[in-house]
Amino acid sequence: METTMILPKWLDSLIFDGLGAKYRPQYSDMTNIDDDKAKTLNYLGTYFPRSYAEAYCIFSEYFWQHPNEFVTQSELSIFDFGCGTGGEIIGLLTAIDEHLPHIEKVRIVALDGNHYALRIYEKILKKTLCHIRFEAENNSAPIMIDDFYDLHILDKVLDKQFDLILSFKAICEFVTKDQFEQQNAYEHIAKFLLPKLTDNGLMLLEDVTTYNNTSQEWLPKMMDNGLCAAKCSVISRNDGYNQTYTITHSHKTNDKSKVAWRMIKG
């Protein structure tokens, strides 16, 4: 499937002209949970288009290869752990719109500790509803997770199971800030999220592929070790060390992102 794409014009205009996004890549270990409004707009202009393209391409390929996925359902439920400004959610919704014509409604729980990012995501989602054919109901969860003990706070929010669970470029922040006491953050988060999946649900974990200075380990290797320890059933993944996605928008032509991703079956 295509891994090169152009950001839709309406979405490009919304984030850059309407919301004031800036294209300013960050070349160090990523921690965005504490970003102020200005830094959040930098993230929006740089990483929202990348996450949109990554989620759209990964899910489009999966749905194309599995045309009967969720075929007996008219509704889907989605949980995004660390949604940021929501690029992966909008990319997923676009893929559902194109590949799952039987879906009539989507229910979303979007969790993030950055209030600026959540407000931006909500504005983008509202506009997105004008460009997709199905209904979408959103519940934003402004919750800060400081360590693995705080994960149990989510039990009150996640009182049901989900068909699709996402986490894009979020777990690396826990690693960088050493919030899991030098234990494998991917293992702990996967163990917590797996029971939240429906029997036929899908969980997609994606992260940057850099060497993390805090853990002193390459993040894809750390991810694989953690998922193995959590006994996850990985049904699909990127080939090799990473996968490159290319997105073009009004502020950057052929912007490339390299990520590692793992699709896990419930």
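One can find the structure itself at the top, above this paragraph.
For the structure given in this document, a descriptive report is provided here. (Residues numbered from 1 in each chain as written. Predicted model: local features only at pLDDT ≥ 70, side-chain atom pairs only at ≥ 80, totals over all residues. Heavy atoms only, no water.)

**Focus on the overall build of the chain**
Part 1: Check the secondary structure of the chain and you find seven helices and eleven strands.
Part 2: Rg of the C-alpha trace for the chain: 17 Å, near the compact-globule value of 18 Å for 266 residues, within the 12% margin.
Part 3: Going through the 266 residues of the chain one by one, you find that 57% of them count as buried.
Part 4: Long-range pairs, those at least 24 residues apart, make up 78% of the contacts in the chain between residues at least 6 apart in sequence.
Part 5: Total accessible area computed for the chain in this model is approximately 11700 Å², and 48% of it derives from carbon and sulfur atoms. (Helix = DSSP H or I, 4+ residues; strand = E, 2+ residues; numbered from the N terminus. Rg over C-alpha atoms; globule rule 2.2 N^0.38 Å. Buried < 20%, exposed > 50% of the residue type's maximum accessible area, 1.4 Å probe, protein only. Contact = heavy atoms within 4.5 Å. Areas by Shrake-Rupley, 256 points an atom, 1.4 Å probe, with all protein chains shown as cover.)

**Some remarks on helix H2 (residues 37-65)**
Part 1: When the terminal C-alpha atoms of H2 are compared, their 40 Å separation across 29 residues agrees well with the 42 Å that a helix rising 1.5 Å per residue should span.
Part 2: Approximately 40 degrees is the largest bend angle found in H2, and it occurs at tyrosine 47, with the proline proline 49 only one to four residues beyond.
Part 3: In this structure aspartate 36 caps H2, since a side-chain oxygen of it lies 3.3 Å from the backbone nitrogen of alanine 38. (Expected span 1.5 Å × (residues − 1). Bend = angle between axes of the 7 residues up to and from the residue. Polar contact = N/O pair within 3.5 Å; in protein donor to acceptor, adjacent residues only side chain to side chain.)

**So, the packing of H2 against helix H3 (residues 87-99)**
Part 1: The geometry of H2 relative to H3 is characterised by a closest axis approach of 7 Å and an angle of 35 degrees between their N-to-C directions. Relative to H3, the crossing made by H2 is right-handed. When H2 is examined against H3, the residues Phe48, Ser51, Tyr52, Ala55, Tyr56, Phe59, Ser60 and Phe63 are found in contact with a partner set consisting of Gly87, Glu88, Ile90, Gly91, Leu92, Thr94, Ala95, Ile96, Glu98 and His99.
Part 2: Here the contact of H2 with H3 is built from residues that sort into ten nonpolar, six polar and two charged. (Axes fitted to C-alpha atoms, helices over the stretch in contact; angles between N-to-C directions. Left-handed = near helix turned anticlockwise from the far one by under 90°. Nonpolar A, V, L, I, M, F, W, Y, C, P; charged D, E, K, R; others polar.)

**Quick word on the pattern of salt bridges**
Part 1: Applying the stated criterion across every chain, the model contains 13 salt bridges.
Part 2: Between aspartate 255 and arginine 50 there is a salt bridge whose closest N-O contact spans 2.8 Å. Taken together, the residues aspartate 255 in strand S11 (residues 252-265) and arginine 50 in helix H2 connect sequence positions 205 residues apart.
Part 3: Among the salt bridges present, the one from glutamate 122 reaches arginine 119, with a minimum N-O distance of 2.9 Å. Pair noted here: glutamate 122 and arginine 119 are both in helix H4 (residues 115-128), with a separation of three residues, about one helical turn.
Part 4: Among the residues examined, arginine 119 registers a relative accessible area of 36% and is labelled partly exposed. (Salt bridge = Lys/Arg side-chain N within 4 Å of Asp/Glu carboxyl O.)

**What to know about the packing of H2 against H4**
Part 1: Remark: H2 packs on H4, axes separated minimally by 9 Å, with the N-to-C direction vectors making an angle of 50 degrees. With respect to each other, H2 and H4 are oriented oblique. As H2 packs across H4, the resulting crossing turns out to be right-handed. Residues Lys37, Thr40, Leu41, Leu44 and Phe48 of H2 form the contact with H4, whose participating residues are Tyr116, Ala117, Ile120 and Ile124. (Parallel < 35°, antiparallel > 145°, perpendicular 65-115°, else oblique.)

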